[in-house]
Amino acid sequence: MDFKVLAVGDVVGTPGLNRVSAVGMTPQQGEEIFDAGADVITMGNHTWSRREIVPYIEENDRVLRPANYAPQTPGNGWGVYETRFGDV
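Residues numbered from 1 in each chain as written. Predicted model: local features only at pLDDT ≥ 70, side-chain atom pairs only at ≥ 80, totals over all residues. Heavy atoms only, no water.

(A) Here's a closer look at the overall build of the chain. Assigned secondary structure in the chain consists of three helices and four strands. Ordered by position in the sequence, the α and β elements of the chain form the string α-α-β-α-β-β-β. With the model as given, the accessible surface of the chain reaches about 6300 Å², and the carbon-plus-sulfur share is 52%. (Helix = DSSP H or I, 4+ residues; strand = E, 2+ residues; numbered from the N terminus. Areas by Shrake-Rupley, 256 points an atom, 1.4 Å probe, with all protein chains shown as cover.)

The following block contains the structure:
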């Protein structure tokens, strides 16, 4: 059984910055990424550049904060997700 994983590292350069404007992600951009077919979004060290993302991270278990942050940091640092190929 084949499946595809797209792992995007730091979003850098004009195309990346156009997509995730001003370094960070807004809730609307998160929804656009999910609408494009993403199952999970993992955040990086620029997560907190956009404070409006905090409630979104806390409410959406498909958006993961950086795993190396303290457990009391908003959101989840890991998760198990059901896919058509089995749990990931």
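(B) Here's a closer look at the packing of aromatic side chains. Per the counting criterion, the structure on display carries zero aromatic pairs. Geometry around Phe34 places Arg62 over its ring, the cationic atom sitting 3.8 Å from the centre. (Phe/Tyr/Trp six-rings, centres within 6.5 Å; stacked < 30°, edge-to-face > 60°. Lys NZ or Arg CZ within 6 Å of the ring centre and 35° of its normal.)

(C) Here's a closer look at the pattern of salt bridges. Tallied over the full model, the rule gives one salt bridge. Note that Arg50 and Glu52 form a salt bridge whose closest N and O atoms lie 3.3 Å from each other. Accessibility expressed as a relative area gives 39% for Glu52, which makes it partly exposed. (Salt bridge = Lys/Arg side-chain N within 4 Å of Asp/Glu carboxyl O. Buried < 20%, exposed > 50% of the residue type's maximum accessible area, 1.4 Å probe, protein only.)

(D) Structural view of the environment of Gly44. Locating Gly44 in the fold gives a position in the loop between strand E1 (41-42) and helix H3 (53-59). On the basis of relative accessible area, Gly44 is assigned to the partly exposed category, the value being 32%.

(E) The environment of Met25, seen in detail. Structurally, the position occupied by Met25 is in the loop between helix H1 (13-19) and helix H2 (27-35). Met25 sits in the buried class, given a relative accessible area of 3%. Each C-alpha atom, one on Met25 and one on Met43, is 8.6 Å from the other, the two residues being 18 residues apart in sequence.

(F) Focus on the nonpolar core. One finds Met25, Phe34, Ile41, Met43, Trp48, Ile53, Val54, Tyr56, Ile57 and Val63 forming the largest nonpolar core, which totals 10 residues. In terms of residue count, the dominant contributor to this core is H3 (four residues). Sequence-distant contacts of Phe34, that is, excluding residues within four places in its chain, are made with Asp39, Val40, Ile41, Tyr56, Asn60, Arg62 and Val63. (Core = buried A, V, L, I, M, F, W, Y, C linked by side-chain atoms within 4.5 Å. Contact = heavy atoms within 4.5 Å.)

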